[in-house]
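Topology and contacts: notes
So the chains spell out like this:
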Amino acid sequence: MFFRQRPAANATLSYFFGCAGHQMAIAVDVVAGDEDWFMAEADKAGVRITYVIDTHVHADHCSGGPDLARRAGASYHLHESNLGRTAFEFSPLHDGQRLEAGNVLVDVMHTPGHTPDSVCLLVRDLRRGDEPWFVITGDTLFVGAVGRPDLAGQEHEMAAQLHDSLHTRLLTLPAELEIYPGHQAGSACGAGLSGKPASTIGFEKRFNPMLALPREAFIEAVTAQIPPPPAEMAAIVAVNLSGKAPAPLAT
Ligand SMILES: [Fe+2]
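All of these numbers come straight from a predicted model, not from anything done at the bench.

Criteria and thresholds
- Residues numbered from 1 in each chain as written.
- Predicted model: local features only at pLDDT ≥ 70, side-chain atom pairs only at ≥ 80, totals over all residues.
- Heavy atoms only, no water.
- Pairing = 2+ DSSP bridges.
- Helix = DSSP H or I, 4+ residues; strand = E, 2+ residues; numbered from the N terminus.
- Axes fitted to C-alpha atoms, helices over the stretch in contact; angles between N-to-C directions.
- Contact = heavy atoms within 4.5 Å.
- Buried < 20%, exposed > 50% of the residue type's maximum accessible area, 1.4 Å probe, protein only.
- Polar contact = N/O pair within 3.5 Å; in protein donor to acceptor, adjacent residues only side chain to side chain.
- Donors = N, O, S within 2.8 Å, 3.2 Å for Na, K, Ca; no water.
- Parallel < 35°, antiparallel > 145°, perpendicular 65-115°, else oblique.
- Left-handed = near helix turned anticlockwise from the far one by under 90°.
- Nonpolar A, V, L, I, M, F, W, Y, C, P; charged D, E, K, R; others polar.

1. Looking at the sheet that holds strand β2 (residues 13-19)
Reading across the sheet, the six strands line up as β1-β2-β3-β4-β5-β6 and stay open at both edges, with mixed pairing between neighbours. If you trace the sheet from one side to the other, it starts and ends with β1 (2-7) and β6 (91-93), each paired once. Strand-to-strand twist of the sheet, defined as the mean angle between neighbouring strand axes without regard to direction, takes the value 25 degrees. The sheet contact formed by strand β3 (residues 24-28) and strand β4 (residues 48-53) spans five bridges and is parallel. From the neighbouring strand, M24 faces β4, where its bridge partner is R48. Contacts from helix α1 (residues 35-45) reach β1, β2, β3 and β4, with the element oriented near 25 degrees to β2. Packed on one face of the sheet, helix α2 (residues 65-72) meets β3, β4 and β5 (75-79) and runs near 155 degrees to β4.

Structure follows, in C-alpha coordinates:
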(Lines give C-alpha, C1' and ligand atoms only; values in the text may rest on other atoms or scores of the structure.)
Protein backbone atom coordinates (compact mmCIF):
# COMPACT_ATOMS: atom_id res chain seq x y z
CA MET A 1 0.00 0.00 0.00
CA PHE A 2 1.06 3.57 -0.55
CA PHE A 3 -0.44 6.37 1.55
CA ARG A 4 -0.19 10.14 1.48
CA GLN A 5 -1.83 12.69 3.75
CA ARG A 6 -1.93 16.14 2.18
CA PRO A 7 -2.34 19.23 4.39
CA ALA A 8 -4.45 21.45 2.14
CA ALA A 9 -6.00 24.94 2.33
CA ASN A 10 -8.29 25.86 5.25
CA ALA A 11 -6.68 23.24 7.54
CA THR A 12 -8.21 20.49 5.42
CA LEU A 13 -6.48 17.10 5.27
CA SER A 14 -6.80 15.18 1.99
CA TYR A 15 -5.80 11.57 1.38
CA PHE A 16 -4.33 9.61 -1.48
CA PHE A 17 -3.68 5.91 -1.08
CA GLY A 18 -4.00 2.63 -2.87
CA CYS A 19 -2.40 -0.54 -4.13
CA ALA A 20 0.82 -0.02 -6.06
CA GLY A 21 0.92 -3.71 -7.04
CA HIS A 22 -2.44 -3.48 -8.82
CA GLN A 23 -1.88 0.16 -9.80
CA MET A 24 -5.14 1.45 -8.33
CA ALA A 25 -5.60 4.52 -6.16
CA ILE A 26 -8.26 6.34 -4.15
CA ALA A 27 -8.38 10.11 -3.58
CA VAL A 28 -10.40 11.47 -0.65
CA ASP A 29 -11.53 15.05 0.09
CA VAL A 30 -9.60 16.71 -2.73
CA VAL A 31 -9.53 20.51 -2.42
CA ALA A 32 -10.07 22.50 -5.62
CA GLY A 33 -6.70 23.57 -7.00
CA ASP A 34 -4.93 20.42 -5.77
CA GLU A 35 -5.90 18.25 -8.76
CA ASP A 36 -2.44 18.59 -10.35
CA TRP A 37 -0.80 17.32 -7.15
CA PHE A 38 -2.96 14.18 -7.20
CA MET A 39 -2.25 13.56 -10.89
CA ALA A 40 1.50 13.99 -10.26
CA GLU A 41 1.45 11.67 -7.23
CA ALA A 42 -0.41 9.05 -9.28
CA ASP A 43 2.30 9.29 -11.95
CA LYS A 44 5.04 8.99 -9.35
CA ALA A 45 3.42 5.94 -7.76
CA GLY A 46 2.67 4.39 -11.17
CA VAL A 47 -1.06 4.04 -10.41
CA ARG A 48 -4.30 5.19 -11.96
CA ILE A 49 -6.84 7.00 -9.84
CA THR A 50 -9.81 4.66 -9.70
CA TYR A 51 -12.08 6.24 -7.09
CA VAL A 52 -12.51 9.86 -5.97
CA ILE A 53 -14.56 10.29 -2.78
CA ASP A 54 -15.83 13.25 -0.80
CA THR A 55 -16.69 12.27 2.79
CA HIS A 56 -19.55 14.81 2.60
CA VAL A 57 -20.61 17.89 0.64
CA HIS A 58 -18.19 20.41 2.12
CA ALA A 59 -19.27 23.83 3.36
CA ASP A 60 -15.83 25.29 4.03
CA HIS A 61 -13.98 24.63 0.77
CA CYS A 62 -14.70 23.91 -2.87
CA SER A 63 -14.15 20.29 -3.78
CA GLY A 64 -11.69 19.35 -6.50
CA GLY A 65 -13.17 15.84 -6.54
CA PRO A 66 -15.45 16.04 -9.59
CA ASP A 67 -12.73 17.73 -11.66
CA LEU A 68 -10.04 15.23 -10.61
CA ALA A 69 -12.38 12.32 -11.39
CA ARG A 70 -13.04 13.70 -14.89
CA ARG A 71 -9.33 14.20 -15.53
CA ALA A 72 -8.33 10.78 -14.22
CA GLY A 73 -11.27 8.86 -15.72
CA ALA A 74 -12.23 7.79 -12.19
CA SER A 75 -15.66 7.44 -10.61
CA TYR A 76 -16.70 10.23 -8.23
CA HIS A 77 -18.51 9.23 -5.07
CA LEU A 78 -20.77 10.90 -2.53
CA HIS A 79 -23.22 9.39 -0.05
CA GLU A 80 -26.50 8.33 -1.66
CA SER A 81 -28.49 10.90 0.39
CA ASN A 82 -27.20 13.48 -2.11
CA LEU A 83 -29.11 11.87 -5.00
CA GLY A 84 -31.40 14.55 -6.42
CA ARG A 85 -29.43 17.29 -4.65
CA THR A 86 -26.61 17.66 -7.14
CA ALA A 87 -26.66 19.10 -10.65
CA PHE A 88 -24.38 16.31 -11.89
CA GLU A 89 -24.17 12.53 -11.76
CA PHE A 90 -22.09 10.79 -9.13
CA SER A 91 -21.67 7.21 -7.97
CA PRO A 92 -23.74 6.87 -4.78
CA LEU A 93 -22.20 5.32 -1.67
CA HIS A 94 -24.25 3.33 0.82
CA ASP A 95 -23.51 2.05 4.28
CA GLY A 96 -21.68 -1.26 4.17
CA GLN A 97 -20.53 -0.84 0.57
CA ARG A 98 -17.03 -2.08 -0.22
CA LEU A 99 -14.73 -0.50 -2.81
CA GLU A 100 -11.81 -2.62 -3.94
CA ALA A 101 -8.52 -1.24 -5.23
CA GLY A 102 -6.31 -4.30 -5.59
CA ASN A 103 -5.22 -5.35 -2.10
CA VAL A 104 -6.72 -2.25 -0.55
CA LEU A 105 -10.34 -2.52 0.58
CA VAL A 106 -12.48 0.43 1.65
CA ASP A 107 -15.70 -0.14 3.59
CA VAL A 108 -18.18 2.73 3.70
CA MET A 109 -19.74 3.67 7.04
CA HIS A 110 -22.61 6.17 6.97
CA THR A 111 -22.03 8.38 10.03
CA PRO A 112 -24.51 11.30 9.93
CA GLY A 113 -24.10 14.16 12.41
CA HIS A 114 -21.67 16.76 11.07
CA THR A 115 -23.88 16.63 7.99
CA PRO A 116 -26.63 14.15 7.02
CA ASP A 117 -24.43 12.70 4.25
CA SER A 118 -21.18 12.20 6.20
CA VAL A 119 -19.33 8.93 5.69
CA CYS A 120 -16.23 7.39 7.24
CA LEU A 121 -13.98 5.02 5.29
CA LEU A 122 -12.64 1.90 6.97
CA VAL A 123 -9.50 0.75 5.18
CA ARG A 124 -7.67 -2.56 5.13
CA ASP A 125 -4.57 -3.68 3.28
CA LEU A 126 -4.72 -7.39 2.53
CA ARG A 127 -0.94 -7.46 2.14
CA ARG A 128 -0.69 -6.71 5.88
CA GLY A 129 -3.71 -8.48 7.33
CA ASP A 130 -7.42 -8.95 6.93
CA GLU A 131 -8.42 -6.59 9.77
CA PRO A 132 -8.98 -2.84 9.23
CA TRP A 133 -5.80 -0.78 9.65
CA PHE A 134 -7.15 2.76 9.74
CA VAL A 135 -10.29 4.83 9.32
CA ILE A 136 -10.67 8.11 7.46
CA THR A 137 -13.13 9.97 9.65
CA GLY A 138 -13.97 13.05 7.54
CA ASP A 139 -15.55 15.68 9.80
CA THR A 140 -17.22 13.14 12.11
CA LEU A 141 -14.27 12.60 14.49
CA PHE A 142 -11.24 14.88 14.71
CA VAL A 143 -8.12 14.53 16.84
CA GLY A 144 -9.24 16.03 20.17
CA ALA A 145 -12.64 17.18 18.90
CA VAL A 146 -15.74 16.26 16.90
CA GLY A 147 -17.41 17.81 13.86
CA ARG A 148 -19.75 20.75 14.30
CA PRO A 149 -23.38 19.65 13.87
CA ASP A 150 -25.02 22.88 12.74
CA LEU A 151 -24.02 23.46 9.12
CA ALA A 152 -27.09 21.75 7.66
CA GLY A 153 -29.44 23.33 10.26
CA GLN A 154 -31.37 21.42 12.98
CA GLU A 155 -28.26 21.35 15.14
CA HIS A 156 -29.83 19.53 18.13
CA GLU A 157 -31.12 16.71 15.94
CA MET A 158 -27.80 16.54 14.11
CA ALA A 159 -25.84 16.60 17.39
CA ALA A 160 -27.86 13.59 18.58
CA GLN A 161 -27.09 11.79 15.31
CA LEU A 162 -23.41 12.68 15.69
CA HIS A 163 -23.35 11.21 19.19
CA ASP A 164 -24.95 7.99 17.95
CA SER A 165 -22.63 7.72 14.91
CA LEU A 166 -19.62 8.13 17.20
CA HIS A 167 -20.70 5.75 19.94
CA THR A 168 -22.47 3.02 17.97
CA ARG A 169 -20.10 2.99 14.99
CA LEU A 170 -16.66 4.57 15.29
CA LEU A 171 -15.96 3.91 18.96
CA THR A 172 -16.87 0.24 18.62
CA LEU A 173 -13.87 -0.20 16.30
CA PRO A 174 -10.65 -1.71 17.74
CA ALA A 175 -8.66 0.67 19.97
CA GLU A 176 -5.46 0.31 17.93
CA LEU A 177 -7.13 1.48 14.72
CA GLU A 178 -5.56 4.67 13.37
CA ILE A 179 -7.81 7.62 12.61
CA TYR A 180 -7.15 10.16 9.87
CA PRO A 181 -9.50 13.14 10.11
CA GLY A 182 -10.70 15.63 7.49
CA HIS A 183 -9.20 18.65 9.27
CA GLN A 184 -6.59 19.72 11.77
CA ALA A 185 -6.39 22.80 14.02
CA GLY A 186 -7.48 25.98 12.26
CA SER A 187 -10.58 24.54 10.59
CA ALA A 188 -14.03 26.11 10.74
CA CYS A 189 -15.62 22.63 10.76
CA GLY A 190 -15.16 22.03 14.49
CA ALA A 191 -13.86 23.51 17.75
CA GLY A 192 -10.77 22.47 19.72
CA LEU A 193 -9.03 20.41 17.02
CA SER A 194 -5.47 19.27 17.67
CA GLY A 195 -2.64 20.30 15.38
CA LYS A 196 -1.57 16.65 15.22
CA PRO A 197 -3.05 15.15 12.07
CA ALA A 198 -3.61 11.55 13.21
CA SER A 199 -4.52 9.55 16.31
CA THR A 200 -6.06 6.21 17.28
CA ILE A 201 -9.54 5.17 18.33
CA GLY A 202 -8.17 4.12 21.72
CA PHE A 203 -6.35 7.40 22.41
CA GLU A 204 -9.39 9.48 21.42
CA LYS A 205 -11.66 7.32 23.58
CA ARG A 206 -9.43 8.07 26.58
CA PHE A 207 -8.54 11.71 25.98
CA ASN A 208 -11.01 13.36 23.57
CA PRO A 209 -13.14 15.44 25.99
CA MET A 210 -16.26 15.24 23.81
CA LEU A 211 -16.31 11.45 23.82
CA ALA A 212 -16.57 11.19 27.60
CA LEU A 213 -19.88 13.07 27.71
CA PRO A 214 -23.24 11.30 28.11
CA ARG A 215 -25.67 11.86 25.23
CA GLU A 216 -27.58 14.90 26.58
CA ALA A 217 -24.41 16.62 27.83
CA PHE A 218 -22.76 15.95 24.46
CA ILE A 219 -25.68 17.54 22.59
CA GLU A 220 -25.55 20.55 24.88
CA ALA A 221 -21.77 20.91 24.57
CA VAL A 222 -21.49 20.65 20.78
CA THR A 223 -24.38 23.05 20.23
CA ALA A 224 -23.08 25.53 22.83
CA GLN A 225 -19.59 25.95 21.40
CA ILE A 226 -20.46 26.49 17.76
CA PRO A 227 -17.86 28.63 15.97
CA PRO A 228 -18.84 31.19 13.30
CA PRO A 229 -19.91 29.53 10.02
CA PRO A 230 -17.28 29.18 7.29
CA ALA A 231 -16.94 32.27 5.07
CA GLU A 232 -19.05 32.13 1.90
CA MET A 233 -20.60 28.87 3.05
CA ALA A 234 -23.76 29.04 0.91
CA ALA A 235 -21.78 29.84 -2.24
CA ILE A 236 -19.30 27.02 -1.55
CA VAL A 237 -22.05 24.44 -1.00
CA ALA A 238 -23.71 25.62 -4.25
CA VAL A 239 -20.45 25.11 -6.15
CA ASN A 240 -19.99 21.65 -4.64
CA LEU A 241 -23.51 20.64 -5.63
CA SER A 242 -22.95 21.95 -9.17
CA GLY A 243 -19.95 19.72 -9.91
CA LYS A 244 -18.33 22.61 -11.77
CA ALA A 245 -14.85 23.99 -11.29
CA PRO A 246 -14.99 26.87 -8.79
CA ALA A 247 -13.26 29.55 -10.85
CA PRO A 248 -14.78 32.63 -9.17
CA LEU A 249 -14.45 31.25 -5.64
CA ALA A 250 -10.82 30.96 -4.70
CA THR A 251 -11.05 29.81 -1.07
FE1 LIG B 1 -17.16 19.56 6.78
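Still more ground to cover, so stick around.
2. A look at the side chain of E41
Tracing the sequence through the fold places E41 in helix α1. What makes E41 buried here is its relative accessible area of 7%. One polar contact links E41 to R4, side chain to side chain, over a distance of 2.7 Å. If near-sequence neighbours (up to four positions away) are discounted, E41 is found in contact with R4 and F16.

3. Things to note about the sheet that holds strand β12 (residues 199-200)
As summarised here, the arrangement of the six strands in space is β7-β8-β9-β10-β11-β12, forming an open sheet in which the pairing is mixed. Either end of the sheet is taken by a strand with one partner, and the two such strands are β7 (98-101) and β12. With four bridges joining them, β7 and strand β8 (residues 104-110) adopt antiparallel strand pairing. Note on β8: the bridge partner recorded for R98 is D107.

4. Observations concerning the coordination of the iron ion
For the iron ion, the protein coordination sphere consists of H56 (NE2), H114 (NE2) and D139 (OD), at 2.0 to 2.3 Å. Read in sequence order, the donor residues coordinating the iron ion give the pattern H-x57-H-x24-D. Of this pair, H56 sits in the loop between β4 and α2 while H114 sits in the loop between β8 and β9 (119-125); the two residues are 58 residues apart in sequence, bridging distant segments of the chain.

5. Thoughts on the packing of helix α3 (residues 155-168) against helix α5 (residues 215-224)
Viewed as axis vectors pointing N to C, α3 and α5 meet at an angle of 125 degrees, and their least axial separation amounts to 9 Å. Between α3 and α5, the interaxial angle falls into the category oblique. Helix-helix and strand crossings are classified by hand; for α3 and α5 the assignment is right-handed. Residues E155, H156, A159, A160, L162, H163, D164 and L166 of α3 touch α5, and the partners they reach there are R215, F218, I219, V222 and T223. The residue inventory of the contact of α3 with α5, partitioned by class, reads seven nonpolar, three polar and three charged.

6. Considerations on the side chain of H56
The class for H56 is buried, based on a relative accessible area of 2%. There is a polar contact of 3.3 Å between the side chain of H56 and the side chain of H114. For H56, the contacting residues outside a window of four places in its chain are L78, H114, T115, D117, S118 and D139.

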